[in-house]
Amino acid sequence: MSRTRPARHPLPRTVRVLVAARAVNRLGAFTLPFLTVTLVEELGASVADAGWVLAGFGLATIPSRLVGGRLSDRLGARATITLGLLGTAAAQLGVAASRSLVQAVVAAVVLGLVFEVYEPASQSLVADVTPPDQRPAAYGMLAAAMAAAGMGAGLLAAMLASIDLRWLFVVDAVTCVACAAVVRALLPGRAAPEPDAAARADPDLGGSSPWRDTRLLAMLGIGTGFALTYLQITIALPLTLSARGLAPSTLGLLLTVSAATLTAGQPLLRRTALGGDHVVAMTVGYVVLAAGLLANGFATTPWMFVVATVVWSVGDLLLLGHAHSLVAALAPDGSRGRYLAVHGLSWGFAAVLAPVMGTQLLERTGPTTTWVAVAAGSCALALAQPWLRVRLRGAEVVAHA
């Protein structure tokens, strides 16, 4: 007798509103690549000084995410997202209004301190209102919307940068305020739940601190490995294109192809049977990702790089949302924001290590060997998934449908 697959229901309205609001915000989120240029050309900083300012910004984003997770658990997602967006808008205006390097440094550090506040709250809200079997699709829709809006952001940035660099920060501030207004008006004001006493008694959870949950730390370790691998697309790929004699504009084409693939492939997240098991989906995703990254090492023409980009983007699509869904399932009631914040630190850690790793590999071994090594790292993450299944314990966490 054949089994009938459960009906797929539309994603909750709250998720759709959040996706739309964050997409509006993403349209203006093009300032960071121009911060160095602004410091050097507008305020007379040296390139080295601008690098230190960016390092200060990056370090400030780490406590920003942790604070965002704690505020989300205490104040609720809507209030935290609103505070984070308004704080980001104020800091962006501070950068735009700076008339000295000291003022710009202060504004950049303040920007880092508020820049990630709304991220854990957004991820927590998605998990709060979405059934477990729909969470990968919900997180995937959020990521795809951000990628699609990013394409428009690049066009808007190109237009504004030709007028005045400071207008970039003003427009970003406006989109933050617009996003905050939508969130405040249309999202429910949900009180953060009280911590689950039964969960606190579980020795694996080690009390209410996510840092003492060894299962979360396992997810953090694997997430850092993924971030180290994936960030090579922004670090090693531009240098590879240059080494192959291709124009810098090729990178823009490839990023657009990737965003289009993530957007067009969304039905895959809703329909594929892989969605029923997070670990299986991630294993397949890492293998496909590895194939695309490996192809980068042997591509020599723009069209070969386009094919490679489609492949690694499909791998990224299969991975979207599953790690967040697992972390949301692991978190005790009232701790989801903090759990997602700790897991999100994987990108902060990788941001420090990935540039050194990618540039050293390219300098010492060349593009082909570099991408072979990066692809091998993705394969290693695929092989680690059975260990992760055992470490997480329990089909109710790993398999949701």
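In case you missed it, the structure is sitting above this.
What comes next is a walk through the structure. (Residues numbered from 1 in each chain as written. Predicted model: local features only at pLDDT ≥ 70, side-chain atom pairs only at ≥ 80, totals over all residues. Heavy atoms only, no water.)

## Structural notes on the overall build of the protein
Then, in step 1: In terms of helices and strands, the protein carries 20 helices and zero strands.
Then, in step 2: Expressed as a percentage of the 401 residues in the protein, the buried residues total 50%.
Then, in step 3: Accessible surface for the protein amounts to roughly 17200 Å². Of this, 69% is attributable to carbon and sulfur atoms. (Helix = DSSP H or I, 4+ residues; strand = E, 2+ residues; numbered from the N terminus. Buried < 20%, exposed > 50% of the residue type's maximum accessible area, 1.4 Å probe, protein only. Areas by Shrake-Rupley, 256 points an atom, 1.4 Å probe, with all protein chains shown as cover.)

## What about the packing of aromatic side chains?
Then, in step 1: Tallied over the entire structure, the rule returns five aromatic pairs.
Then, in step 2: Between F226 and Y230, the ring centres sit 5.5 Å apart and the planes meet at 35 degrees, which makes this aromatic pair tilted. Residue F226 and its partner Y230 are located together in helix α10 (residues 214-230), separated by four residues, close to a single helical turn.
Then, in step 3: Judged by relative accessible area, F226 falls into the buried class, the value being 14%.
Then, in step 4: Given a relative accessible area of 18%, Y230 falls into the buried group.
Then, in step 5: Arranged with centres 6.3 Å apart and planes meeting at 85 degrees, the rings of Y230 and W347 form a pair that is edge-to-face. Taken together, the positions of Y230 in helix α10 and W347 in helix α17 (residues 336-365) put the pair 117 residues apart, joining distant regions of the chain.
Then, in step 6: The exposure class assigned to W347 is partly exposed, which follows from its relative accessible area of 35%.
Then, in step 7: Members of the aromatic cluster, each reached through a chain of ring pairs, are F226, Y230, Y286, W312 and W347. (Phe/Tyr/Trp six-rings, centres within 6.5 Å; stacked < 30°, edge-to-face > 60°.)

## Focus: helix α11 (residues 232-243)
Then, in step 1: Of the residues making up α11, those classed as buried are Q232, I233, I235, A236, L237, T240 and L241.
Then, in step 2: Downstream of α11 by a residue or two, G245 has a phi angle that is positive, lying close to 80 degrees.

## What to know about the state of the cysteines
Then, in step 1: One pass over the structure, following the stated rule, counts zero disulfides.
Then, in step 2: With no disulfide of its own, C179 lies 7.4 Å from the sulfur of C176, the closest cysteine sulfur.
Then, in step 3: In this structure C179 comes out as buried when scored by relative accessible area, which is 1%. (Disulfide = S-S within 2.5 Å.)

## Overview of the nonpolar core
Then, in step 1: In terms of nonpolar packing, the biggest core is built from 68 residues, with I81, Y286, L289 and L293 touching the most fellow members.
Then, in step 2: For this core, the element with the highest residue contribution is α10, accounting for seven residues.
Then, in step 3: Excluding anything up to four places from it in sequence, L289 contacts F226, Y230, W312, G315, L319 and S378.
Then, in step 4: With 14 residues, the next largest nonpolar core counts A50, V95, A104 and A107 among its residues. (Core = buried A, V, L, I, M, F, W, Y, C linked by side-chain atoms within 4.5 Å. Contact = heavy atoms within 4.5 Å.)

## A closer look at the side chain of T309
Then, in step 1: Inspection of the secondary structure puts T309 in helix α15 (residues 302-319).
Then, in step 2: At 2.8 Å, the side chain of T309 and the backbone oxygen of F305 are in polar contact.
Then, in step 3: Ignoring anything within four residues of it in the chain, the contact list for T309 reads L254, V257 and S258. (Polar contact = N/O pair within 3.5 Å; in protein donor to acceptor, adjacent residues only side chain to side chain.)

## Here we look at a nonpolar patch on the surface
Then, in step 1: A cluster of nonpolar side chains, L66, W211, L217 and F349, forms an exposed patch at the surface whose accessible area comes to about 320 Å².
Then, in step 2: The exposure class assigned to W211 is partly exposed, which follows from its relative accessible area of 39%. (Patch = residues over 30% accessible without salt bridge, like charges linked within 9 Å, V, L, I, M, F, W, Y side chains within 5 Å. Salt bridge = Lys/Arg side-chain N within 4 Å of Asp/Glu carboxyl O.)

## As for the pattern of salt bridges
Then, in step 1: In this structure the tally under the stated criterion is six salt bridges.
Then, in step 2: One salt bridge in this structure joins R336 and D128, with 2.6 Å as the shortest N-O distance. Here R336 is found in helix α17, whereas its partner D128 is found in helix α6 (residues 118-129), with 208 residues between them in sequence.
Then, in step 3: On the accessibility criterion, R336 (16% relative accessible area) is buried.
Then, in step 4: On the basis of relative accessibility, which here comes to 34%, the residue D128 falls in the partly exposed class.
Then, in step 5: The shortest N-O distance in the salt bridge between R215 and D213 comes to 3.4 Å.
Then, in step 6: For R215, a relative accessible area of 8% puts it in the buried group.

## Observations concerning the environment of H278
Then, in step 1: Topologically, H278 is positioned in helix α14 (residues 278-298).
Then, in step 2: Sequence separation of H278 and G321 is 43 residues, and the distance between their C-alpha atoms is 9.1 Å.

In short, shape yes, function no, at least from these values alone.
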